[in-house]
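Observations on the model geometry
So you can see what is in the structure, the chains are spelled out below.
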Amino acid sequence: MAETHKGCEKKLRLGRMEEAAAAKGGGGGTEGKCWWKGMRVFSPEYYALCAVGGMLSAGTTHLAITPLDVLKVNMQVNPSKYNSIFTGLNVLVKEHGPSSLWRGWAGKFFGYGVQGGCKFGLYEYFKKMYSDVLVGQNKSMIFFVSSASAQVIADVALSPFEAVKVRVQTQPKFAKGLIDGFPKLYASEGLPGFYRGLLPLWCRNLPFSILMFSTFEHSIDFLYLSVLQKRKEDCSRTQQLGVTCLAGYASGAIGTVVSNPADNIVASLYNKKAKSIMQAVKSIGFPGLFTRSLPIRITLVGPVVTMQWFFYDTIKVLTGLPTSGGIPRDLDEINCLS
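Per the secondary structure count, the protein chain includes 13 helices and zero strands. Start at the N end of the protein chain and walk to the C end: the helices and strands fall as α-α-α-α-α-α-α-α-α-α-α-α-α. For the protein chain, with 338 residues in total, the buried portion stands at 54%. For the protein chain, long-range pairs separated by at least 24 residues make up 77% of all intrachain contacts whose partners lie at least 6 apart in sequence. Surface accessibility of the protein chain: about 15300 Å² in total, with carbon and sulfur atoms responsible for 67%.

If you want it as structure tokens, here you go:
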């Protein structure tokens, strides 16, 4: 089975090299080759486009699920009152009105937009950098270190927005949004207040990001090699975006389960239900770390991550770039077709 997989992979690479050579020599038809025309992969413009694509895809998808995010945070902070999805939504609307479901929308849109731009753009950059440095290393290692490096920086950008957003969503009298929330938080807690939950954010998002990107990459390989049994460039745009969606959903579902304990700790710290990580763990309880708010997070994260990958790759396709997935040293051949 392993030999068959390697044989298919070898054929895919040979096919890419033959097409690249044909394009370089000017021979052969243009059908299939024009799909790759546009900016060069791994150019500064390419990384900038990936950052913008990540920003738009992450910002818009997180904005769309703000009501469920408001419920999720309240379920984490006050699980006895908000004990299920339907009961929780009913309590929020009855006590605070329908507008309460959109509390913190600006933090979702701008905060996760900035995080998405850093996460996707820097992942592409680090994946290229590490693949050049770690030649001959296992693919998973490159995916792991690339996603972790990007996420560390992305969470530093997200943390101030997240700190204000969580307070706005769970403390109605704190502030109305980012504009009044930022100065109020700074006045009461200073700069450290914006980064109180940075370590738990890393604990939540690093495992999630590592699993999300590596699962996505391996799912892409599996779907092309074992299911479609075609090279990516031999598939239509619709097929490629379909593969992106399937791989995106798988990556989101797996990452959600692993990151759930840290997500509960983040909510507890930001709302001062606990003063330290250990106190939060004791307060929530070990089983609760894994089960509290898990159903709503799965409802939230799976579709959100799928749509993020779909929007992100759609932007790539519309600008003449290949969809996501693959090791950069293999993708370098694409530039020969530009």
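Don't stop here, the text continues.
A separate point is the confidence of the model for the protein chain. Here the protein chain averages 83 in pLDDT, and 85% of its residues register 70 or above. Within the model, pLDDT remains below 50 along residues 333-338, and this stretch shows 20 contacts once partners closer than five positions in the same chain are excluded.

Applying the stated rule across the entire model yields 16 salt bridges. Several salt bridges share partner residues, and in doing so they unite Asp69, Lys72, Lys108, Glu162, Lys165, Arg204, Asp263 and Arg297 into one network.

Here the focus is the packing of aromatic side chains. Scanning all chains against the criterion turns up 17 aromatic pairs. Measuring from centroid to centroid gives 5.7 Å for Phe42 and Tyr46, while their planes differ by 80 degrees, and the two rings are edge-to-face. By relative accessible area, which is 14% here, Phe42 ends up buried. Ring geometry for Phe109 against Phe110: centres 5.0 Å apart, planes inclined by 80 degrees, an arrangement best described as edge-to-face. Here Phe110 falls in the partly exposed class, since its relative accessible area comes to 42%. Among the aromatic residues, those joined into a cluster by ring pairs are Phe42, Tyr46, Tyr47, Tyr125, Phe126 and Tyr130. The ring of Tyr112 is capped by Lys108, whose NZ or CZ atom sits 4.7 Å from the centre of that ring.

What counts as what
- Residues numbered from 1 in each chain as written.
- Predicted model: local features only at pLDDT ≥ 70, side-chain atom pairs only at ≥ 80, totals over all residues.
- Heavy atoms only, no water.
- Helix = DSSP H or I, 4+ residues; strand = E, 2+ residues; numbered from the N terminus.
- Buried < 20%, exposed > 50% of the residue type's maximum accessible area, 1.4 Å probe, protein only.
- Contact = heavy atoms within 4.5 Å.
- Areas by Shrake-Rupley, 256 points an atom, 1.4 Å probe, with all protein chains shown as cover.
- pLDDT = per-residue confidence, 0-100.
- Salt bridge = Lys/Arg side-chain N within 4 Å of Asp/Glu carboxyl O.
- Phe/Tyr/Trp six-rings, centres within 6.5 Å; stacked < 30°, edge-to-face > 60°.
- Lys NZ or Arg CZ within 6 Å of the ring centre and 35° of its normal.

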